Each structure stands twice: as C-alpha cells, then as structure tokens.
Amino acid sequence: FDVVHVHTPLSPLLPLQALARSDAAKVATFHAVPPNTLTGPLQRLLNSVLNRRIIRKLDGVILASPVQKTLRLTGTVLPPCTNLRHFPDRIPLSAERDGCPIRILFLGRLEKRKGAAVLLHAYAQLRRQGLPVQLLFAGDGPERGRLHRTVARYAVPDVAFLGQVDHGRLTDIYADCDIFCAPSLYAEGFGIVLVEAMASGK
C-alpha cells in the first residue's frame, strides 16, 4: 500500500499492529474522548503519553473535531461528512400533519456512552407532562435488553425499537422523525449521525 489510514489508533489490536508493521505512509484519525468521570483524567493522561509516541510514527494526523485538541493532539480537523445527494431537500415534519405525534429518533449503538437510557428517562418525563410524542430507537447493542425492561417496568408508552438499520433505509428513518436526539455522554468526537440528521433537515 502507498498509504495506511488507521482509525482510533489506541485500539490495542489491529490499528497498533498496522502502524508498527507497515512501511507505507501512515495517517491516523482520532475520534474518541475519555469520559468526564473519576477515571477520565487518568485516561486523558495515559492517552496523551501514548498519543505522543504514536504521533512520532505518523505522516499525518486527522482530528474528527477540535475537541481532540484537549488531548494535546495536533493535526488537521476534518469533520465526518456525508453525501448530500442521498437526502431529499425538504422533508415534511410529522407534526405538520394533523393529529400526528412528534417523533423523536435515536439512531446508534445501544451502549451506555451513547446515552440512550438518559433519552428514555427524559422522554418518560415528556409523556407524564402529557406531550404528544413518540420515541424511536434505531440500532442495537448491549443496552437494548435493559431499555426494553425499563419500558415494560414503567409502562412507558409509544416506544418503538427498530433494531439494526440497513444503510439503504437510513434516509427513510431520518425522514420519519421530527427531532433527532444524540445524547452521547462521552467518547464522541463527532458522530456521523449528526451530519446525516442535519442533511435530513432535523
């Protein structure tokens, strides 16, 4: 290869092996940010030490957003992008159609750092206030069972789990919502779902 492009180089298996063994030009994109928890400062310190060692072996560094600069990283900020031609110019909101509830969409991996449980809690409060809303979860992951149990235990109405979504259905999923919510708690440099949702006018 002429160029090897590694994402999240601190992942311990394939990325580090590729950087260590390749003679090609090496470029790395940094995405993740440690959480603001008790272990966060320790992770930031460890990351900054390891990052400095890795960067010496790189020919180019890409940051997903300026937030990576808080990890003492220097490089070119290139936010994730998407092909706007895949998305229609104007999508009517369901709230603009008489009698339709406002649809809130979460799309992503159902894991703690993505904040799906936080969104479910907030949605339940909206329903208790009598607001006409629905919640759609698109995606899968280790938190799915817990979210299902929470919905059942507290009888939270109008929550739908769509499961894993094929890439070809993405535009329809975004089109079917009024509000896209990305309640990530940490480790999110710049989620591509934000770009896709904005491209859908959400």
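Owing to the predicted nature of the structure, the values given are computational and were not obtained by experimental measurement.

1. Description of helix 2 (residues 40-55)
In a regular helix each residue adds 1.5 Å, so 16 residues correspond to 22 Å; helix 2 covers 21 Å between its end C-alpha atoms and thus fits that length. Of all the positions in helix 2, only Gly40, Asn47, Ser48, Asn51 and Ile54 are classed as buried. Seen end-on, helix 2 carries its buried residues on one side only, within an arc spanning 130°. Opposite the buried face of helix 2, by more than 90 degrees, sit the exposed residues Pro41, Leu42, Leu45 and Arg53. On its buried side, helix 2 packs onto helix 1 (14-21) and strand 2 (25-30).

2. Observations regarding the nonpolar core
Counting residues in each nonpolar core, the largest one holds 16 residues, and the members touching the most others are Leu120, Tyr123, Leu135, Phe137, Val156 and Val159. Sorting the residues of this core by element identifies strand 5 (102-107), helix 3 (116-128), strand 6 (133-138), helix 4 (144-153) and strand 7 (159-163) as the ones contributing at least two each. Sequence-distant contacts of Val156, defined by excluding residues within four places in its chain, comprise Leu120, Tyr123, Ala124, Thr150 and Val151. Grouped together as the second largest cluster of nonpolar side chains are 14 residues, Leu107, Leu136, Ala197 and Ala199 included.

What counts and how
Residues numbered from 1 in each chain as written. Predicted model: local features only at pLDDT ≥ 70, side-chain atom pairs only at ≥ 80, totals over all residues. Heavy atoms only, no water. Helix = DSSP H or I, 4+ residues; strand = E, 2+ residues; numbered from the N terminus. Expected span 1.5 Å × (residues − 1). Buried < 20%, exposed > 50% of the residue type's maximum accessible area, 1.4 Å probe, protein only. Arc of directions from axis to C-beta. Contact = heavy atoms within 4.5 Å. Core = buried A, V, L, I, M, F, W, Y, C linked by side-chain atoms within 4.5 Å.

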